[in-house]
Structures are given as C-alpha cells and as structure tokens.
Amino acid sequence: MVLITRPEGLGPDQIAPSRRTLGLATVGGLFFATYAPAALSQAASPITTASEGLITADVTYPSADGFDLPAHVARPHSEGPFPVVIVVSEIFGVHEYIRDICRRLASAGYVAIAPAFFVREADPAPLSDMQAIMRIVAKAGYEQVMGDIQATLNWPATQALADTDRVGITGYCWGGKVVWQAAARFDAIKAGVAWYGRLAPATDATEAQVEAGRPWPIDLAKDLKAPVLGLYGSEDGGIPNDTVHAMNGALKAAGQTDSQIILYDGAPHGFHADYRASYREADARDGWARLLDHFQAHLR
C-alpha cells in the first residue's frame, strides 16, 4: 500500500506506527478489513469498486487535541490537483463500505479522505453489539469531531495533488448530521451532501439527549456557509418526515436557495448502504448521481 501523507516521500513517523495508533493496526492496514458485522446482511451483494488507476492509503495526522487521527484516503493515480471530499462514516466507523465510497469518489476525480472519529475510545467496526457501538459513538462529542474535521481540512495542504480551495464533505447516518454541522462551521467547505442524518431531536428525547446532540441541523440553517444537499428516505423510522419538511422550510426561510433535502418515497434509513438489508438500488443510484452533480457544480 502506497502512503501519500507527504508529497516528498515517507517520514519516520509514517514508516512505523505511533504509540497512539499502534493498537488500531490490523493485517493490511489501520482499519477493520471487511464490512461491519452489526449491519451486514447475509443476502447483500455489496458494490466493489476496483482500485486500478487509484492510489489508496491509510494515513495519520495530528488533530487539535494531539491525537494521531487515522484516516483512509483514495485518489486518482494521475496528475492533479484534485478537489477533496471528506467522507464521514456511519456509527460503524471506517469499514469496507466507507473505503469503497472513497474509491468511488476517487474514480470520479476526487481525493477522498475518511477520518476515524471514534478510535480514541475504540474501533466500532468489528463489533456486533449495538449497545457497545453506541457507547463508543457517544464519546465522540461535537467539539472533538469538529477538531478532527479541522485537522482533515489541514491535511490536504501537505498534499501536492490536493486542491485546498475545492473541498466538499459527505456523510452517512451519524455522518449525515456531521455534514450539516461542518458546513455551518467551516468556510473552507464549499459543498456538502448529507445522507439521512438526524435533523432534530426525537420527540421523546430526554433533556440530556437533546443537549448531547447540539447543535442540531434544524438550528443551523441560517449559518450554512456552503450548499448542502440532503438525501433522505420517507420511511426512515428515526427521521420523521415532518423534520425533513421543517428543515426544508428553515433553509428556505434563511435564504439558503442552494440547499435542499430530497425525500425518496418509500426508502428506509440506510438506503444507500449496499451491504445492508435497507439498500434500495434505484434510490441509491439516483442519490449518487445527485451527489456527483452537486460536487460538480460547486467543486469543479
């Protein structure tokens, strides 16, 4: 595997794993090698994007708190510079589905980078116990995640083939919410695509749950610094349609005419996840085409 953390070659810190990331290593890289077992459907036929013509790598770079943040990167094996897309995972972290998303974006001409936001606590990808996974995810608070996004925005500046003036972000489920938050916080992000991220607290959420989830996307509509395309399913049991309509209303009221949510009729949560039973091929393909069009319009 070719490391690309520095255009001039490898440094000593890239040849040997650091003390803070050594415990994350697996055979063949820093990350769990296959699909997250907690959500994998035995009947699924996941999409596999070929790596020919691409360079893929596991890298680390320092986050705001000094943690050596691991990330998976894919880019075209040709001259750039290329636009950058940050890929924010679901609650399962960086597993094969997320790596394949990076390869799909690299095949479309982007430098795609997927940070491992959860591994300070543990890697959720190999786990099948959902309660254990949720405990890990709960440790990744807003400020830590935004610090990791900032570190990920800093990383392209060290890469000769990355264009730091053209940076987008996409994310799934937990990562979909992060897309809205990051687009409201960072001027460097020029476009976002949020796949079914929660927009507002559940009606039965406790006060502690409401507070833990702040800032909620519904409260950030006026603060968006980049156009965000939301891709949501009408049959998502965790994201009621009324919150989607409320978010579209908030975007319109805020004058965010380049941002909107598309609601796919009959689609469940996770309809893009081709390794899960929730996968809906037609909606997933349409959503991916919309993602490419959105990034083409704002990052090219």
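Within every chain, residues take consecutive numbers counted from 1 along the sequence as written. Restriction of local features to residues with pLDDT of at least 70 applies here, the model being predicted, together with a cutoff of 80 or more for giving and counting side-chain atom pairs; totals for whole chains, interfaces and linings are based on all residues. Heavy atoms throughout the structure, all of them, feed into the side-chain values; hydrogens and water do not.

Student: Hey, could you run me through the sheet that holds strand β3 (residues 82–88) in this one?
Tutor: Spatial ordering of the open sheet is given by β1-β2-β4-β3-β5-β6-β7-β8, a layout of eight strands whose pairing is mixed. Taken across any chain shown, the strands that pair with only one partner, and hence form the sheet edges, are β1 (54–62) and β8 (260–264). Averaged over all pairs of adjacent strands, the angle between strand axes in this sheet comes to 20 degrees, irrespective of strand direction. Two strands make a pair as long as DSSP finds a minimum of two bridges between them. Strands are runs of DSSP state E lasting at least 2 residues, helices are runs of H or I lasting at least 4, and numbering of each runs from the N terminus. By the bridge criterion, six bridges tie strand β5 (residues 162–172) to strand β6 (residues 189–195) in an arrangement that is parallel. Note on β6: the bridge partner recorded for Y172 is W195. By the convention used here, residues are in contact when the closest approach between their heavy atoms is within 4.5 Å. Working convention: axes come from line fits to C-alpha atoms, limited for helices to the stretch in contact. Angles between N-to-C directions cover 0 to 180 degrees. Of the strands in this sheet, β1, β2 (68–76), β3, β4 (111–115) and β5 touch helix α2 (residues 96–107), which is tilted by about 40 degrees from β2.

Student: Just to check I follow, could you spell out the nonpolar core for this structure?
Tutor: A general trend in soluble globular proteins is that nonpolar side chains are found buried together. Only buried residues count toward a nonpolar core, which is a set of Ala, Val, Leu, Ile, Met, Phe, Trp, Tyr and Cys residues joined through side-chain atoms within 4.5 Å. Burial here depends on accessible area, computed with a 1.4 Å probe over protein chains only, as a share of the maximum for the residue type. Under 20% is buried, over 50% is exposed, and the range in between is partly exposed. With 92 residues, the main nonpolar core has I149, W174 and W180 as its most contacted residues. If you tally residues by element for this core, the top one is helix α5 (residues 174–185), at seven residues. In this structure, I149 is in contact with I86, V88, F117, I169, V178, A182 and F186, ignoring residues within four places of it in sequence.

Student: So what exactly am I meant to see when it comes to the packing of aromatic side chains here?
Tutor: The description of an aromatic ring pair uses the distance of the two centres, along with the angle that the planes make with each other. To pair, rings of Phe, Tyr and Trp, with the six-membered ring standing in for Trp, must have centres within 6.5 Å; the planes then decide the type, stacked if under 30 degrees apart, edge-to-face if over 60, and tilted in the middle. Within the structure shown, the criterion is met by 13 aromatic pairs. Centroid distance W195 to F271: 6.0 Å. Interplanar angle 55 degrees. Geometry classified as tilted. With a gap of 76 residues between them, W195 in strand β6 and F271 in the loop between β8 and α8 (281–299) connect regions that are remote in the sequence. Here W195 matches F271 in class, with each residue buried. Linked through ring pairs, Y35, Y97, Y172, W195, Y196, Y264, F271 and Y275 together constitute an aromatic cluster. Placement of a positive charge over a ring is assigned whenever Lys NZ or Arg CZ falls within 6 Å of the ring centre and within 35 degrees of the normal to the ring plane. Over the face of the ring belonging to W216 we find K177, whose NZ or CZ atom lies 3.9 Å from the ring centre. One Lys or Arg, R300, reaches over the ring of Y110 and ends 4.3 Å from the middle of that ring.

Student: Got a minute to help me understand unusual backbone geometry in this structure?
Tutor: The linkage connecting G80 with the following residue, P81, adopts the cis geometry, with an omega of 5 degrees. With respect to the element layout, P81 can be found in the loop between β2 and β3. Going from R214 to P215, the amide bond is cis rather than trans, its omega being -5 degrees. Counting through the fold element by element, P215 comes out in the loop between α6 (207–212) and β7 (228–233). Of note, C173 is a non-glycine position whose phi angle comes to about 60 degrees, a positive value.

Student: It is not clear to me how helix α4 (residues 142–154) should be interpreted in this structure. Could you clarify?
Tutor: An α-helical turn contains 3.6 residues, so any two residues separated by three or four positions project in the same direction. Multiplying 1.5 Å by the residue count of a helix minus one yields the expected span of that helix. Its 13 residues give α4 an end-to-end C-alpha distance of 18 Å, which sits within 8% of 18 Å, the value for a rise of 1.5 Å per residue. Listed in full, the buried residues belonging to α4 are Q144, V145, M146, G147, D148, I149, A151, T152 and L153.

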